[in-house]
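# Secondary and tertiary structure notes
Spelled out, the chains give:
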Amino acid sequence: MNTTTPLAERLRPRSFDDYVGQQHLVGNDGSLQKLIKRGRPTSIVFWGPPGCGKTTLAKLYIKSFTLPVETIHATTSATADFRRIIESAESAPLFCRPMLVWIDEVHRLTRPQQDLLLQSLENGTLVLVAATTENPSFQLSPALLSRVQVMILKPLENNNLHKLLERIETTYGRLPLTPEAKNQLVEWAAGDARSFLNWIEQLQRETPEL
């Protein structure tokens, strides 16, 4: 199947039932599921290595609540963008509060930007949902860190990557790989689903009928 949509996006889970891995967070007794069942969002920083599912998990968490959402780009958003979002959240009706703010690569925020967020987290105007590959204890201010819950994600296990491979073949047809080659591909990925899917996508390009 030829498409311009990246394979990782085509396979992105739309619900927790489709999510692969991180059962300590998303299982029935997982930490994240327990928070969601409370019915009110909590500020969370998802911390883990590349390709472990941080962004997908954050987006599924956000979808669990019927609240307004803003996105801040840690590498390009200016302090004025932070102020605009905060002012918008503060002027919103009570039934639209708190506002959820999604920030990828949260470790790239400056201290002044972190301080602005802190004020809104403390008064309940904003709830932070963020992801990072860097240890938050070293990258976030102690004050901000005290207002969020850090959830640690692990590299995906080999059986998780095999599940992804099965899903691909069920949807798009068998790949031109022997069982040994599939096992080797899984080993090379070392728990990084992004790299794994990029390699599979390259195979799709080289095999037009897929």
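So, a few notes on the structure that sits alongside this text. Everything numeric in this text was worked out from a predicted model, so none of it was measured.

### Thoughts on the overall build of the protein chain
If you tally the helices and strands in the protein chain, you get 11 helices and 5 strands. A buried classification covers 47% of the 210 residues belonging to the protein chain. Pairs at least 24 apart in sequence give 78% of the contacts found in the protein chain among residues at least 6 apart. Surface accessibility of the protein chain: about 11000 Å² in total, with carbon and sulfur atoms responsible for 49%.

### Details of the side chain of Lys54
With respect to the element layout, Lys54 can be found in helix 4 (residues 54-63). For the buried Lys54, no salt bridge exists, and the shortest N-O distance to an oppositely charged side chain is 6.6 Å, to Asp104. A polar atom in the side chain of Lys54 sits 3.2 Å from the backbone oxygen of Gly48. Apart from the residues lying within four places of it in its own chain, the contact partners of Lys54 are Phe46, Trp47, Gly48, Pro49, Ala131, Thr132, Thr133 and Leu153.

### Some details on the sheet that holds strand 3 (residues 99-104)
If you walk across this open sheet you meet the 5 strands as 2-3-4-1-5, and the pairing is parallel. Only two strands of the sheet have a single partner each, and these edge strands are strand 2 (69-73) and strand 5 (149-152). In this sheet, adjacent strand axes meet at a mean angle of 20° when their direction is disregarded. In the packing of helix 5 (residues 79-91) onto the sheet, the strands contacted are strand 2, strand 3 and strand 4 (126-132), and the crossing angle to strand 2 comes to about 170°. Lying on the sheet, helix 6 (residues 111-122) is in contact with strand 3 and strand 4; it crosses strand 4 at an angle near 135°.

### Regarding the pattern of salt bridges
The full count for this structure, using the stated rule, is 5 salt bridges. The partner of Glu70 in a salt bridge is Arg84, and the shortest N-O contact between them spans 3.9 Å. One end of the pair, Glu70, is in strand 2; the other, Arg84, is in helix 5, with 14 residues separating them in the sequence. Two residues, Glu105 and Arg108, come together in a salt bridge whose shortest N-O distance is 3.0 Å. Taking the relative accessible area as the measure of exposure, Glu105 reaches 32% and is therefore partly exposed. Among the residues examined, Arg108 registers a relative accessible area of 47% and is labelled partly exposed.

### Topic: unusual backbone geometry
With the exception of glycine, most residues fall at negative phi, and the peptide bonds are largely trans. The phi torsion at Gln22 lies on the positive side, around 55°, for a residue other than glycine. Within the fold, Gln22 resides in the loop between helix 1 (7-10) and helix 2 (23-26).

### Notes on helix 10 (residues 179-189)
Lys182, Leu185, Val186 and Ala189 are the residues of helix 10 that are buried. Burial along helix 10 is one-sided: seen end-on, the buried residues are contained in an arc of 100°. Exposed side chains of helix 10 directed beyond 90 degrees from the buried face belong to Glu180 and Trp188. Remark: Ala190 follows helix 10 within two positions and exhibits a positive phi of approximately 50°.

### Quick word on the packing of helix 9 (residues 158-172) against helix 10
In contact at an axis separation of 10 Å, helix 9 and helix 10 are set at 125° when each is read in the N-to-C sense. What the angle tells us is that helix 9 and helix 10 run oblique. Between helix 9 and helix 10 lies a crossing of right-handed hand. Residue-level inspection shows Asn158, Leu161, His162, Leu165 and Glu169 of helix 9 in contact with helix 10, the latter providing Lys182, Asn183, Val186, Glu187 and Ala189. Its residues placed into classes, the contact of helix 9 with helix 10 shows 4 nonpolar, 3 polar and 3 charged.

So, how was this worked out
- Residues numbered from 1 in each chain as written.
- Predicted model: local features only at pLDDT ≥ 70, side-chain atom pairs only at ≥ 80, totals over all residues.
- Heavy atoms only, no water.
- Helix = DSSP H or I, 4+ residues; strand = E, 2+ residues; numbered from the N terminus.
- Buried < 20%, exposed > 50% of the residue type's maximum accessible area, 1.4 Å probe, protein only.
- Contact = heavy atoms within 4.5 Å.
- Areas by Shrake-Rupley, 256 points an atom, 1.4 Å probe, with all protein chains shown as cover.
- Lys, Arg positive; Asp, Glu negative; His and termini not counted.
- Salt bridge = Lys/Arg side-chain N within 4 Å of Asp/Glu carboxyl O.
- Polar contact = N/O pair within 3.5 Å; in protein donor to acceptor, adjacent residues only side chain to side chain.
- Pairing = 2+ DSSP bridges.
- Axes fitted to C-alpha atoms, helices over the stretch in contact; angles between N-to-C directions.
- Arc of directions from axis to C-beta.
- Parallel < 35°, antiparallel > 145°, perpendicular 65-115°, else oblique.
- Left-handed = near helix turned anticlockwise from the far one by under 90°.
- Nonpolar A, V, L, I, M, F, W, Y, C, P; charged D, E, K, R; others polar.

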